[in-house]
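Examining the three-dimensional arrangement
Next come the chains, spelled out residue by residue.
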Amino acid sequence: MNLLPKSSKEFGSVDYWEKFFLQRGKKAFEWYGTYLELCGVLHKYIKPREKVLVVGCGNSELSEQLYDVGYQDIVNIDISEVVIKQMKERNASRRPRMSFLKMDMTQMEFPDASFQVVLDKGTLDAVLTDEEEKTLQQVDRMLAEVGRVLQVGGRYLCISLAQAHVLKKAVGHFSREGWMVRVHQVASSQDQLLEAEPRFSLPVFAFIMTKFRPVTGSALQIFELCAQEQGKPVRLESAERLAEAVRERQQYAWLCSQLYRKAGLGSVSLDLCNGDTGEPRYTLHVVDSPTVKPSRDNHFAIFIIPQGRETEWLFGMEEGRKQLAASAGFRRLITVALHRGQQYEGMDSIQAELSARVMELAPAGMPAQLQVPFLSVGGDIGVRIVQHQDCSPLSGDYVIEDVQGDDKRYFRRLIFLSNRNVVQSEARLLQDVSHRAQKKRKKDRKKHRPADTPEDLPAAPGQSIDKSYLCCEHHKAMIAGLALLKNPERLLETPLALLVVGLGGGSLPLFIHDHFPKSCIHAVEIDPSMLEVATQWFGFSQSDRMKVHIADGLAFITRLAEEEGGGRARPHYDVIMFDVDSKDPTLGMSCPPPAFVAQLFLQKVKSILTSEGVFILNLVCRDLGLKDSVLAGLKAVFPLLYVRRIEGEVNEILFCQLHSESKLATPELLEMARALEQTLRKPGKGWDDTYVLSDMLNTVKIV
């Protein structure tokens, strides 16, 4: 028996509904959910003693179930004489105080201000089938009648799918009348989430329009969204922003339905936001492993990434997450990154907070009542202490944070919030200072003080850095490139002139300064804020051998290249290093900016490099065509070009020299690296035993 209309316009027809209820008989028809699914939102906005009008009641059991739990002053109306007769017969003896009337809701016969609540479950959606003039006029009459029969302070509670044209009409109408507008998302039951065929891909919403007394000349409009049944409403600035927020939740529901129906949708990620502030709290990535053989216990798992480790390749890159999912052995793994600036009590509280939400992302075929495991590294959520936040006019918002590594050592990081998953600079904290900070944090936790407040600062943040340790793999490779210089075993006693463009936290020039006692370093940094950051937070300092120039690297090198003449000799450097990022995220190359590898500029770089010197460049380029072009341009200026790919990262370190005949075979290159390392490993000199220079050059290739 087909009960669906041939056209959506028939939903507004009296004849259609008469035939519908005749064919359906006495079996209840529940639009958008049963009483059990809606009772949370209904009880929140309707008091038991209030007088309630249900418009378009149909043969739903909703009114009957409300009556049975104490809401006994209910009037029901519908345009179908058939259904009104059915409902009167069904309720005459059991619910004597509840009435059913055949009535057109666009021309109601009740006096003004007769009701405190008008309840509508799907009726507005059924009437507002399109945006033709005739339909809109009918809806205007309906909503005007709703406003007329409600008392001041009364509420129009409309259960709807909140399709864009319906939301626009309802919100527009009542906000112009000066009513408070709230949209409340109705939580789905766990059973519905796991149904073989969920009824709607779109979530169900309740519109709560509260009638205010008209105030002459007032333009106040109130728009609120309540995302969960027990959540606090969030105030939004406009009807447009409200519509956008509803659309985001509809897109999320659609995504959940797609993830339920099929696996392997590709890279799927989403943010779950703090219900009170709207700020991102969790970032989820859904990773399917279709090759995993299904069993009862390997359908689904959640992996909590420890705080501060979301930037690691295994967690921060798609290929890394695929590897993690495959090794975990689950058909679907959801990785969860925790956002800085949010408070987390521990794994148990995160599990309680996420359990219901992540179940919406579960795959089909998962056994009922299956306990979904929450996994992590070492079973905890890690530690992140935000030490400092600020905004640079050039680099934008940034944060200095201390995070705990998997070896329980602490690391200080500089993060630009415009690219929050990339560590801009990193340094290891000295262990004794880390231990003191850990003890202090435990003491603070007893006082219930948030962990990422400025009170957690060590007394002397700049003095807590382990300057002998290089955290960044690309910095280690750049240092290893010094082995390309002549007589590397004598570099500690050889005067070296170095130019480093891009300071960041200062770890790279500082390491060179401390380990090569005859070196003289000029560092160029365009952003004065970064010099302050490096000095205050990363233990950087200037000296007679270390000078920082606040300047544009392009302009600085251009000026140097043009200095020859007028009695002044052009300066020459034994080593030139570029470790400078681009601020333009639309480019396929994030390091360096394209102007730094333009042919004309590379000629200027060449002119200030000594004949046997080395130009070392950190290249981060995802556009393969652009990368080939960059390599060809470098090769045209520097005939000898080595490339070292950083494993697990996009970075590639380029070593450029002027004479192709100086080319070294891999065994010779490794021997020179070993000679340099042996010189650097002097008694009394701090050296990281895990840092092997020859390993950094083992995979070098000549372009």
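**Some points on the confidence of the model for the chain**
Parts of the prediction with low pLDDT should not have their coordinates interpreted in detail. When pLDDT is averaged across the chain, the result is 84; 86% of the residues are at 70 or more. Least confident of the elements in the chain is helix α8 (residues 190-193), whose mean pLDDT is 44; most confident is strand β21 (residues 546-550), at 97. Across residues 190-199, confidence stays below pLDDT 50; counting only partners more than four residues off in sequence or on other chains, it has 16 contacts.

**A few points about the pairing of strand β5 (residues 150-160)**
With 8 of 11 residues buried, β5 is to be regarded as a mostly interior element. Pairing of β5 with strand β7 (residues 205-210), which is carried by 6 bridges, proceeds in the antiparallel orientation. Residue pairing for β7: L157 is matched across the bridge by I208.

**Re the pattern of salt bridges**
Opposite charge on two side chains makes pairing possible when the charged atoms of those side chains draw close. Evaluation of the coordinates by the stated rule reveals 27 salt bridges. The residue E50 makes a salt bridge to R155 at a minimum N-O spacing of 2.5 Å. Taken together, the residues E50 in the loop between α2 (35-45) and β1 (52-55) and R155 in strand β5 connect sequence positions 105 residues apart. The residues E50 and R155 share a single accessibility class, namely buried. The closest approach of N and O atoms between D466 and R428, which form a salt bridge, is 2.9 Å. Of the two residues, D466 is situated in the loop between α13 (431-446) and α14 (473-480) and R428 in strand β18 (residues 423-428); the sequence distance between them amounts to 38 residues. Like R428, D466 is buried.

**Notes on unusual backbone geometry**
Of the consecutive residues C591 and P592, the connecting peptide bond is found in the cis state with omega at -5°. Tracing the chain through its elements places P592 in the loop between β23 (589-591) and α18 (599-607). At A113, a position not held by glycine, the phi torsion is positive, near 55°. One non-glycine residue, N487, lies in the positive phi region at around 50°. Among the secondary structure elements, N487 is positioned in the loop between α14 and β19 (496-501). Its relative accessible area of 29% is what places N487 among the partly exposed residues.

**A word on the packing of α14 against helix α15 (residues 507-515)**
For the pair α14 and α15, interaxial distance at closest approach is 10 Å and the crossing angle is 40°. Taken together, the axes of α14 and α15 lie oblique to each other. Judged by the sense of rotation from one axis to the other, the crossing of α14 with α15 is right-handed. Residues H475, M478 and I479 of α14 pack against S507, L508, F511 and I512 of α15. Across the contact of α14 with α15, the residue classes break down as 5 nonpolar, 2 polar and no charged.

**Here we look at the packing of aromatic side chains**
Taken as a whole, this structure holds 12 aromatic pairs when the rule is applied. A ring pair is formed by F110 and F115, whose centres lie 5.0 Å apart and whose planes are at 85°; its orientation type is edge-to-face. Across the pair, F115 and F110 agree in class, each one buried. With centroids separated by 5.7 Å and ring planes inclined at 25°, the aromatic side chains of F303 and F315 adopt a geometry described as stacked. Here F303, found in strand β12 (residues 300-305), pairs with F315, found in helix α10 (residues 313-316); they are 12 residues apart in sequence, far enough to count as distant. Across the pair, F315 and F303 agree in class, each one buried. An aromatic cluster of three or more residues is present, and its members are F578, F596, F601, F615 and F638. Directly above the aromatic system of Y469 lies the positively charged group of R428, at a separation of 3.8 Å from the ring centroid. Against the face of Y469 rests K476, its NZ or CZ located 5.6 Å from the ring centre.

**Comments concerning the sheet that holds β1**
Across the sheet, which stays open at both edges, the 9 strands sit in the order β3-β2-β1-β4-β5-β7-β6-β8-β9 with mixed pairing between neighbours. Sheet topology places β3 (99-102) and β9 (234-236) at the edges, where each strand pairs with a single neighbour. Shown here is a sheet whose adjacent strand axes are inclined to one another by a mean of 20°, direction ignored. Direction of pairing for β1 relative to strand β2 (residues 74-78): parallel, over a ladder of 4 bridges. Looking at β2, one finds that V52 is bridged to I74. Sheet strands in contact with helix α6 (residues 133-149) are β1, β4 (115-121) and β5, and its direction is about 140° off that of β5.

**Some words on the pairing of β1**
Burial along β1 is two-sided: the face carrying V52 and V54 and the face carrying L53 and V55 are both buried. Pairing geometry for β1 and β4, over 4 bridges, is parallel. From the neighbouring strand, V52 faces β4, where its bridge partner is V117. At this point the chain moves from β1, through helix α3 (residues 62-68), to the parallel β2, and the crossover so formed is right-handed.

What counts and how
- Residues numbered from 1 in each chain as written.
- Predicted model: local features only at pLDDT ≥ 70, side-chain atom pairs only at ≥ 80, totals over all residues.
- Heavy atoms only, no water.
- pLDDT = per-residue confidence, 0-100.
- Helix = DSSP H or I, 4+ residues; strand = E, 2+ residues; numbered from the N terminus.
- Contact = heavy atoms within 4.5 Å.
- Buried < 20%, exposed > 50% of the residue type's maximum accessible area, 1.4 Å probe, protein only.
- Pairing = 2+ DSSP bridges.
- Salt bridge = Lys/Arg side-chain N within 4 Å of Asp/Glu carboxyl O.
- Axes fitted to C-alpha atoms, helices over the stretch in contact; angles between N-to-C directions.
- Parallel < 35°, antiparallel > 145°, perpendicular 65-115°, else oblique.
- Left-handed = near helix turned anticlockwise from the far one by under 90°.
- Nonpolar A, V, L, I, M, F, W, Y, C, P; charged D, E, K, R; others polar.
- Phe/Tyr/Trp six-rings, centres within 6.5 Å; stacked < 30°, edge-to-face > 60°.
- Lys NZ or Arg CZ within 6 Å of the ring centre and 35° of its normal.
- Right-handed = clockwise from strand over helix to strand, strands pointing away.

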